[in-house]
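What follows is the residue order along each chain.
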Amino acid sequence: MKNFEYTKENEEKFQKHLKKYPNSNCVLLPALWLVQEQIRWISPEAMIYIAKRLNKSPAEVYSFATFYTMFNLKPIGTYHIELCKTLSCMLRGSRELKKFIKDTIGIKPGETSKDGKFHLSEVECLGACGGAPMFALNGVYHENQNINSLEKLIKECKSC
Ligand code: FES
C-alpha cells in the first residue's frame, strides 16, 4: 500500500480551504479535488488520508467520493479527455471525434490507452455548447474542435 500525502503546494491550498469553510463537511469536496489534481484519481490510500485529515471515517469519505461521477476511482491515463456527448456537441461532430480517438489512440469511452497516456470519458454537457463540439483535456476546455485540431493536440500530448 503506497501512502498518499499532499504536495507542499496542495497542503497550502488545503489549509486555505480549512480556513475558508465553516466545517470539515464543506472541505471534503475541495480536499478530494486536490487529490485528483495531484494523482488524477482518488486512491484508497488518499481516501484514508483525507479521512484522517478531516476527522472522518474512511467509509464517509468513500461514500462521498463514489457519489460524484467526476471523481476517478481507478488510475487513468496522463491525459484525460472528457468528450461532451450532449446534443449541441453531438450535432456538431462529437461522434466523429470519438471515432477518430478510437482509430488513432485505440480507446473507447471508459478506456485507457495501453501506454497509459490517454483516458477517454464521454460526459454530459460541460456548459460550453456555444463552442460545440468540445472536450476537456485534463480539465482545460477545447472548443470548436474538428479532426485536424484534435489530431494536432493528440500529437502534442504524445510528444510530451
Ligand atoms: S452540449 Fe456539449 S458543451 Fe453543451
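Computed from a predicted model, the values in this text were never measured in an experiment.

Across its full length, the chain carries 7 helices and 4 strands. Written out in order from the N terminus, the α and β elements of the chain read α-α-α-α-β-α-α-β-β-β-α. Classification of the 160 residues of the chain by burial places 41% in the buried group. Partitioning the contacts of the chain with sequence separation of at least 6, the portion at a separation of at least 24 is 63%. With an accessible surface of roughly 9500 Å², the chain has 54% of that area assigned to carbon and sulfur atoms. When the 23 basic and 17 acidic side-chain charges of the chain are each reduced to a single mean position, those positions are 1 Å apart.

This paragraph deals with the nonpolar core. With 20 residues, the main nonpolar core has Y6, L32 and I50 as its most contacted residues. Listing elements by their share of this core, those giving two or more residues are α2 (24–39), α3 (44–53) and α4 (58–67). Residues contacting L32, with those up to four places away along its chain left out, are I42, I50, V61, F64, A65 and F71.

Another point: the packing of aromatic side chains. By the definition in use, this model includes 9 aromatic pairs. With centroids separated by 5.3 Å and ring planes inclined at 90°, the aromatic side chains of Y6 and Y49 adopt a geometry described as edge-to-face. One end of the pair, Y6, is in the segment before α1 (8–20); the other, Y49, is in helix α3, and 43 residues separate them in sequence. For the ring pair F67 and Y68, a centre distance of 5.0 Å and an interplane angle of 90° mean the geometry is edge-to-face. Residue Y68 is classed as partly exposed on the basis of its relative accessible area, which comes to 27%. An aromatic cluster is present here, built from W33, F64, F67, Y68 and F71 joined pairwise through their rings.

Here we come to the domain arrangement of the chain. Each assigned domain of the chain is listed with its residue range as follows: domain 1 (8–67) and domain 2 (79–159). In this structure, domain 1 and domain 2 have C-alpha centres spaced 28 Å apart.

Moving on to the environment of S94. Inspection of the secondary structure assignment puts S94 in helix α6 (residues 94–104). In this structure, the C-alpha to C-alpha distance between S94 and L83, residues 11 residues apart in sequence, is 7.3 Å. Not counting the four nearest positions on each side in its chain, S94 is found in contact with L83, C84, K85, C89 and P133. Within polar-contact distance, the side chain of S94 engages the backbone nitrogen of M90 at 3.4 Å.

Right, let's get into the side chain of K117. Tracing the backbone through its elements, the reader meets K117 in the loop between α6 and β2 (118–123). Of the buried charged residues, K117 lacks a salt bridge, with D115 as the closest side chain of opposite charge at 6.1 Å.

Attention shifts here to the pattern of salt bridges. On inspection of all chains with the given rule, the structure shows 6 salt bridges. The closest approach of N and O atoms between E11 and R53, which form a salt bridge, is 2.8 Å. Placement of the pair is E11 in helix α1 and R53 in helix α3, with a sequence separation of 42 residues. The class of R53 is partly exposed, set by a relative accessible area of 30%. Note that E124 is salt-bridged to K85, the shortest N-O span being 3.6 Å. Of this pair, E124 sits in the loop between β2 and β3 (135–137) while K85 sits in the loop between β1 (79–84) and α5 (87–91), and the two are 39 residues apart along the sequence.

Conventions used here
Residues numbered from 1 in each chain as written. Predicted model: local features only at pLDDT ≥ 70, side-chain atom pairs only at ≥ 80, totals over all residues. Heavy atoms only, no water. Helix = DSSP H or I, 4+ residues; strand = E, 2+ residues; numbered from the N terminus. Buried < 20%, exposed > 50% of the residue type's maximum accessible area, 1.4 Å probe, protein only. Contact = heavy atoms within 4.5 Å. Areas by Shrake-Rupley, 256 points an atom, 1.4 Å probe, with all protein chains shown as cover. Lys, Arg positive; Asp, Glu negative; His and termini not counted. Charge placed at Lys NZ, Arg CZ, Asp CG, Glu CD. Core = buried A, V, L, I, M, F, W, Y, C linked by side-chain atoms within 4.5 Å. Phe/Tyr/Trp six-rings, centres within 6.5 Å; stacked < 30°, edge-to-face > 60°. Domains from an automatic or database assignment. Polar contact = N/O pair within 3.5 Å; in protein donor to acceptor, adjacent residues only side chain to side chain. Salt bridge = Lys/Arg side-chain N within 4 Å of Asp/Glu carboxyl O.

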